[in-house]
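One-letter residues, chain by chain:
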Amino acid sequence: MVAISSVVVAACAVVVTVKVLSADEVVTIRPERVLDQAAVQQAVATNIQGIRDEPVKVLSCPGSVVVKAGTRFTCTCMVGNHVADAEVEVVNDQGKLHVKW
């Protein structure tokens, strides 16, 4: 009886192993793409500089902004001696930005 039980357990283990190894579903995990914070700050400063005739310094933009169309965030900027917020929206999955000042 013990020999038969061992054979049954071994056969079940083989069936379970084969079933797990032959699963059709493949799961791929990819990290989300995020914008480069320094590049975002430069793009915001360049955009505002094109509108204003004063020096622009971007004080801060959030880090780890996901590259996904419709994502919105705020950057704090200094234009001349004034601090203001710039609203930024990710336009497409290539990282194109729209800056509203």
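Residues numbered from 1 in each chain as written. Predicted model: local features only at pLDDT ≥ 70, side-chain atom pairs only at ≥ 80, totals over all residues. Heavy atoms only, no water.

Considerations on helix H2 (residues 37–51)
So, step 1. Over its 15 residues, H2 runs 22 Å from end to end, which matches the ideal 21 Å to within 8%, given 1.5 Å per residue.
So, step 2. If you check which residues of H2 are buried, you get Val-40, Val-44, Ala-45 and Ile-48. Buried residues in H2, looked at end-on, bunch into an arc of 130°, giving them a common side. For H2, exposure combined with an orientation more than 90 degrees from the buried face picks out Ala-38 and Gly-50.
So, step 3. Contacts made by the buried residues of H2 are with strand S1 (56–60), strand S2 (72–79), strand S3 (82–90) and strand S4 (97–100).
So, step 4. A side-chain oxygen of the first residue of H2 lies 3.3 Å from the backbone nitrogen of Ala-38; this N-cap is Asp-36. (Helix = DSSP H or I, 4+ residues; strand = E, 2+ residues; numbered from the N terminus. Expected span 1.5 Å × (residues − 1). Buried < 20%, exposed > 50% of the residue type's maximum accessible area, 1.4 Å probe, protein only. Arc of directions from axis to C-beta. Contact = heavy atoms within 4.5 Å. Polar contact = N/O pair within 3.5 Å; in protein donor to acceptor, adjacent residues only side chain to side chain.)

Concerning the pattern of salt bridges
So, step 1. For the structure on display, the rule yields one salt bridge.
So, step 2. For Glu-89, the salt bridge goes to Arg-72, with nearest N and O atoms at 3.6 Å. Taken together, the residues Glu-89 in strand S3 and Arg-72 in strand S2 connect sequence positions 17 residues apart. (Salt bridge = Lys/Arg side-chain N within 4 Å of Asp/Glu carboxyl O.)

Concerning the environment of His-98
So, step 1. If you trace the backbone, His-98 turns up in strand S4.
So, step 2. Overall, His-98 belongs to the partly exposed group, its relative accessible area being 45%.
So, step 3. Separated by 11 residues in sequence, His-98 and Glu-87 place their C-alpha atoms 8.3 Å apart.
So, step 4. Residues contacting His-98, with those up to four places away along its chain left out, are Glu-87, Val-88, Glu-89 and Val-91.

Brief notes about the pairing of S3
So, step 1. Two strands pair when backbone bridges link them, and S2 and S3 are joined in this way by eight bridges, in the antiparallel orientation. Counted as the bridge partner of Val-79 is His-82 from S3.
So, step 2. Hairpin connection between S2 and S3: a loop of two residues separates the two successive antiparallel strands, and Gly-80 in this loop has a positive phi of roughly 65°.
So, step 3. Note: S3 against S4, four bridges, orientation antiparallel. Looking at the pairing, Val-88 lines up with Val-99 of S4.
So, step 4. Following S3, the chain reverses through six residues before pairing antiparallel with S4; Gly-95 in that reversal takes a positive phi of roughly 90°. (Pairing = 2+ DSSP bridges.)

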